[in-house]
Amino acid sequence: MAGLFDKQVEDYLDARPNYPLQWYSMLAALTPHHSLAWDVGTGNGQAALGGAHHLKMSAPQVCLPPQVSKGFCASVAEYYEQVMATDISEAQLKSAIPHSRVKYLHTPLSLPEEEVVKLIGGEGSVDLITVAQAVHWFDLSTFYPLVNRLLKKPGGVIAVWTYKGPTVSPAVDSLTQRFYLTTLPFWNERAQNAVDGYKTLPFPFESVGLGMGSEGHPVSLDMEKKLSFEGFLRMLRSWSAVATAKDKGVHLLSEEVVKEFETAWGGREVIASVTYKGFMLAGKVKL
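Treat the numbers as computed from the prediction; the structure is a model and nothing was measured.

Caption draft 1: Spatial organisation of the overall build of the chain. Per the secondary structure count, the chain includes eleven helices and eight strands. The burial tally for the chain puts 53% of its 287 residues in the buried class. In the chain, the share of contacts with a sequence separation of at least 24, taken over all contacts with a separation of at least 6, comes to 81%. For the chain, the exposed area adds up to about 13,000 Å²; of that, 55% sits on carbon and sulfur atoms.

Caption draft 2: Up close: the packing of aromatic side chains. Here the structure, examined in full by the defined rule, presents 16 aromatic pairs. Ring-pair connections join several aromatic residues into one group, and the members of that group are Phe-179, Tyr-180, Trp-187, Phe-229, Phe-232, Trp-239, Phe-261 and Trp-265.

Caption draft 3: A look at the packing of helix α9 (residues 229–237) against helix α11 (residues 255–265). Where α9 meets α11, the axes come as close as 11 Å, and the angle between the chain directions of the two elements is 135°. On the basis of the axis angle, α9 is oblique to α11. As for the relative orientation of α9 and α11, their crossing is right-handed in sense. Only Val-258, Phe-261, Glu-262 and Trp-265 of α11 make contact with α9, whose side of the interface consists of Phe-229, Phe-232, Leu-233 and Leu-236. Residues that form the contact of α9 with α11 fall into these classes: seven nonpolar, no polar and one charged.

Caption draft 4: Structural view of the pairing of strand β4 (residues 128–132). Within β4, five of the five residues are buried, which leaves the element mostly enclosed by the surrounding structure. Both faces of β4 are covered, namely the face carrying Leu-128, Thr-130 and Ala-132 and the face carrying Ile-129 and Val-131. Two strands pair when backbone bridges link them, and β4 and strand β5 (residues 157–167) are joined in this way by five bridges, in the parallel orientation. Note that in β5 the partner of Ala-132 across the bridge is Trp-161.

Caption draft 5: View of unusual backbone geometry. The step from Lys-153 to Pro-154 runs through a cis peptide bond, and the omega angle for that step is 0°. Turning to its location among the elements, Pro-154 is positioned in the loop between α6 (140–150) and β5. Phi at Gln-133 takes a positive value of approximately 55°, unusual for a residue other than glycine. Note that Gln-133 resides in the loop between β4 and α6. Of note in this structure, Tyr-198 is not a glycine but carries a positive phi near 65°. Mapped onto the fold, Tyr-198 is located in the loop between α8 (192–195) and β6 (206–207).

Caption draft 6: Focus on the pairing of strand β8 (residues 271–284). Pairing of β5 with β8, which is carried by eight bridges, proceeds in the antiparallel orientation. Its bridge partner lying in β8, Ala-159 is registered against Ala-282. Bridging between β6 and β8 involves two bridges; their strand directions are antiparallel. If you follow Ser-207 over to β8, its bridge partner there is Gly-283.

Caption draft 7: Here's a closer look at the confidence of the model for the chain. Averaged over every residue, the pLDDT of the chain is 85; the share at 70 or more is 84%. In the predicted structure, residues 51–73 sits below a pLDDT of 50 and forms 48 contacts with residues beyond four places in sequence or in another chain.

Caption draft 8: Local environment of the pattern of salt bridges. Summed over the entire model, instances satisfying the criterion amount to eleven salt bridges. Across the salt bridge formed by Lys-152 and Asp-127, the nearest N and O atoms sit 2.8 Å from each other. Residue Lys-152 is found in the loop between α6 and β5, and its partner Asp-127 is found in the loop between α5 (113–120) and β4; the two are separated by 25 residues along the sequence. An identical accessibility class is assigned to Lys-152 and Asp-127; each is buried. A salt bridge links Asp-222 to Lys-277; the shortest N-O distance between them is 2.7 Å. Here Asp-222 is found in strand β7 (residues 219–228), whereas its partner Lys-277 is found in strand β8, with 55 residues between them in sequence. In the salt-bridge network here, residues are joined through shared partners; they are Glu-113, Glu-114, Glu-123 and Arg-149.

Caption draft 9: Quick peek at α5. Buried residues of α5: Val-116, Val-117 and Ile-120, and no others. The arc that holds the buried residues of α5, viewed along the axis, is 100°, so those residues lie on one side. The elements touched by buried residues of α5 are β1 (36–40), β2 (82–87) and α6. Positioned one or two residues after α5, Gly-121 has a phi angle of 150°, which is positive.

Caption draft 10: Local environment of helix α2 (residues 21–30). Considered for burial, the residues of α2 that qualify are Trp-23, Tyr-24, Leu-27, Ala-28 and Leu-30. All buried residues of α2 fall inside an arc of 155° around its axis, so they share one side. On its buried face, α2 is in contact with β4, β5, β7 and β8.

Calculation rules
- Residues numbered from 1 in each chain as written.
- Predicted model: local features only at pLDDT ≥ 70, side-chain atom pairs only at ≥ 80, totals over all residues.
- Heavy atoms only, no water.
- Helix = DSSP H or I, 4+ residues; strand = E, 2+ residues; numbered from the N terminus.
- Buried < 20%, exposed > 50% of the residue type's maximum accessible area, 1.4 Å probe, protein only.
- Contact = heavy atoms within 4.5 Å.
- Areas by Shrake-Rupley, 256 points an atom, 1.4 Å probe, with all protein chains shown as cover.
- Phe/Tyr/Trp six-rings, centres within 6.5 Å; stacked < 30°, edge-to-face > 60°.
- Axes fitted to C-alpha atoms, helices over the stretch in contact; angles between N-to-C directions.
- Parallel < 35°, antiparallel > 145°, perpendicular 65-115°, else oblique.
- Left-handed = near helix turned anticlockwise from the far one by under 90°.
- Nonpolar A, V, L, I, M, F, W, Y, C, P; charged D, E, K, R; others polar.
- Pairing = 2+ DSSP bridges.
- pLDDT = per-residue confidence, 0-100.
- Salt bridge = Lys/Arg side-chain N within 4 Å of Asp/Glu carboxyl O.
- Arc of directions from axis to C-beta.

Written as structure tokens, this is what we have:
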């Protein structure tokens, strides 16, 4: 799915929720060592680092205390000495925020598996692998063998997650559902796993227990955010189906549709409290 989000990088960066602090602390508690993490499909580094300090964020985010976070939101880099953050999209990586613990790497689909293993750190070198809102786009037949090679055995953990939403209000949610139905012809079939909250996603790893989700049984968690109307529109524009439709000459988010959303929202100046629903699966290599 190379380049799928290249054309809406700014919308993607601005509109998506920051992931819950609890997830990172729980995952860190599962790995005995905290030397190396691999954030796959990192995009703009949202999971690897967090993104509240991007100048165009539409509303404040909930972050760790300054004395702990050094000004950054909850992220893998808070808990691991080195984070290798990779993506097939150079455009997404250009929007990522630099950090001393995070190394961003462009890994095109043409890169041989042996080169990927070497770049990340070698066989059995990784404590934690994270994939935020991306694994449903992957060729799992090639990705999961990489996971098995790179994770420490025992002790290494892989966690993947996605989210739905946001829910805003009955009026906005009704319009969002109607808008979503207009996008259906333009979604890639792989997106269905995300729509299902990863209940149908193949995940051939041993459960880590502790309510962290397992194949067929993702754990869910609410993600709250303050969102402006413009931020909401950016979120809709960031949908891959909306971009695909636009490429085909179909403008789903027309002025008429935007006006309907604005009325239901209560005006462009309103900042709404919204809730995204996150879904996670976590596991370890079966020995």
